[in-house]
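# Remarks on the overall topology
What follows is the residue order along each chain.
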Amino acid sequence: MDQANPFETPRTYSLHRAEYVVGFAVTTGLMIAHFDEIRWLPAIALFLYIDLIGYIPGAIAFRRSGGRPIHKAYYVLYNVMHSLITQAAVAALWCWLVKPEWALLVLPFHLFGDRGLFGNFTKSFALPFEPVRQPGYLRLLDDLGLPHPKPVGHVTDPAPVGHVPVRKPVPERADTAAAQEDPAQATVAGEPAAGKAEALR
């Protein structure tokens with residue numbers, strides 16, 4: 001939503017996806033216009049290799065995990081392979097080593113389709129590899145007074161945890177605990193510190 005709160009509500013998420021739908025439509029139009037000029041074997045290979053490396057291994061690991069965390073490497077592979085930066089570099093290398101050609105349109109076609117049509121963006125270590133509704137996000141929507149989105153993804157699977165370890169509660173300081181139990185004692189305990197501060201003035 002902004003720099004201090006980098007999360008999205010259902011409405012802003014839809015608007016974000018809409019931008020990629022436009023890119024997907026433009027790419028699709030160019031592919032149709034140059035259909036006869038596309039070498040389809042390289043195009044299919046370029047389209048499939050993104051998921052063969054970046055998605056399918058993680059999806060298999062997720063299904064086998066039974067809700068347990070999977071290795072971070074699967075997340076890194078997905079995010080690297082589904083990056084516009086990565087695929088722009090691949091296209092540049094292809095133009096240099098092979099030749100510029102219309103088959104390269106399948107790279108943005110794949111990424112724009114993933115983001116615009118399916119809503120798949122980069123994956124966070126803190127969340128499951130596949131989309132599973134998180135109670136924390138639903139509570140956030142409740143706090144903002146927003147309706148819950150329709151269930152999507154693996155809603156019937158056990159809710160797996162991400163890879164960011166759960167933080168243990170920070171133990172309370174002795175004086176804080178004393179203040180909660182007996183405010184009078186906290187006042188007495190705080191007097192020496194106050195006296196020292198007064199002496200330093």
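Because the structure is a prediction, the values reported are computed rather than measured.

Rules and cut-offs
- Residues numbered from 1 in each chain as written.
- Predicted model: local features only at pLDDT ≥ 70, side-chain atom pairs only at ≥ 80, totals over all residues.
- Heavy atoms only, no water.
- Helix = DSSP H or I, 4+ residues; strand = E, 2+ residues; numbered from the N terminus.
- Buried < 20%, exposed > 50% of the residue type's maximum accessible area, 1.4 Å probe, protein only.
- Contact = heavy atoms within 4.5 Å.
- Areas by Shrake-Rupley, 256 points an atom, 1.4 Å probe, with all protein chains shown as cover.
- Salt bridge = Lys/Arg side-chain N within 4 Å of Asp/Glu carboxyl O.
- Core = buried A, V, L, I, M, F, W, Y, C linked by side-chain atoms within 4.5 Å.
- Phe/Tyr/Trp six-rings, centres within 6.5 Å; stacked < 30°, edge-to-face > 60°.
- Lys NZ or Arg CZ within 6 Å of the ring centre and 35° of its normal.
- Axes fitted to C-alpha atoms, helices over the stretch in contact; angles between N-to-C directions.
- Left-handed = near helix turned anticlockwise from the far one by under 90°.
- Nonpolar A, V, L, I, M, F, W, Y, C, P; charged D, E, K, R; others polar.

Below, the discussion takes up the overall build of the protein. The helix and strand tally for the protein stands at 9 helices and 0 strands. The secondary structure elements of the protein, listed N-terminal to C-terminal, are α-α-α-α-α-α-α-α-α. Classification of the 201 residues of the protein by burial places 27% in the buried group. Counted over contacts in the protein with a minimum sequence separation of 6, partners at least 24 positions apart contribute 75%. Looking at the protein as shown, the accessible area adds up to about 13600 Å², and 66% of this sits on carbon and sulfur atoms.

Moving on, we come to the side chain of H82. On the secondary structure map, H82 appears in the loop between α4 (72-81) and α5 (84-97). With near-sequence residues (within four places) excluded, H82 lies in contact with I50, D51, G54, Y55, H110, L111, D114 and R115.

Let's shift gears to the side chain of S83. Of note, S83 is situated in the loop between α4 and α5. The contacts of S83, once residues within four sequence positions are left out, are L111 and R115.

For the rest of this paragraph, the subject is the pattern of salt bridges. In this structure the tally under the stated criterion is 2 salt bridges. A salt bridge links E101 to R39; its shortest N-O distance comes to 2.8 Å. Taken together, the residues span a long stretch of sequence, with E101 in the loop between α5 and α6 (106-116) and R39 in the loop between α1 (10-33) and α2 (40-54) at a distance of 62 residues. The class for E101 is buried, based on a relative accessible area of 14%. Classification of R39 as partly exposed rests on a relative accessible area of 36%. For the salt bridge of R63 with E130, the shortest nitrogen-to-oxygen distance reads 3.1 Å. With a gap of 67 residues between them, R63 in helix α3 (residues 56-65) and E130 in the loop between α6 and α7 (135-144) connect regions that are remote in the sequence.

With 14 residues, the main nonpolar core has L46, Y49, I50 and L107 as its most contacted residues. Counting residues per element, the ones that place at least two in this core are α2 and α6. It is α2 that contributes the most residues to this core, 4 residues altogether. When near neighbours in sequence (up to four residues on either side) are disregarded, I50 contacts Y55, M81, H82, Q87, L107, H110 and L111. By size, the runner-up hydrophobic cluster in this structure holds 7 residues, among which are F62, I70, Y78 and F129.

Counted according to the given criterion, the structure contains 11 aromatic pairs. Aromatic pair Y75 and F125: ring centres 5.6 Å apart, planes at 70°, arrangement edge-to-face. Remark: F125 occurs in the loop between α6 and α7 and Y75 occurs in helix α4; sequence separation between them is 50 residues. Ring centres of Y78 and F129 lie 6.1 Å apart, and the angle between their planes is 85°; on these two criteria the pair is classed as edge-to-face. You can see Y78 sitting in helix α4 and its partner F129 sitting in the loop between α6 and α7, a full 51 residues away along the chain. Accessibility assignment for this pair places Y78 and F129 in one class, buried. Clustering of aromatic rings is evident, with ring pairs tying together Y55, Y75, Y78, F125 and F129. The ring of F125 has K72 sitting right over it, with the charged end atom 5.1 Å from the ring centre.

With that settled, consider the packing of α1 against α6. Across the interface, α1 lies against α6 with an axial gap of 8 Å and an inter-helix angle of 150°. Crossing of α1 against α6: the hand is left-handed. Counting all contacts with α1, which are made through R17, Y20, V21, G23, F24, T27, T28 and M31, the residues of α6 involved are V106, P108, F109, F112, G113, R115 and G116. Tallied by class, residues from the contact of α1 with α6 come to 8 nonpolar, 5 polar and 2 charged.

Moving on: the environment of A59. Mapped onto the elements of the fold, A59 is located in helix α3. Assessed through its relative accessible area of 7%, A59 is described here as buried. With 71 residues separating them in the primary sequence, A59 and E130 have C-alpha atoms 7.2 Å apart.

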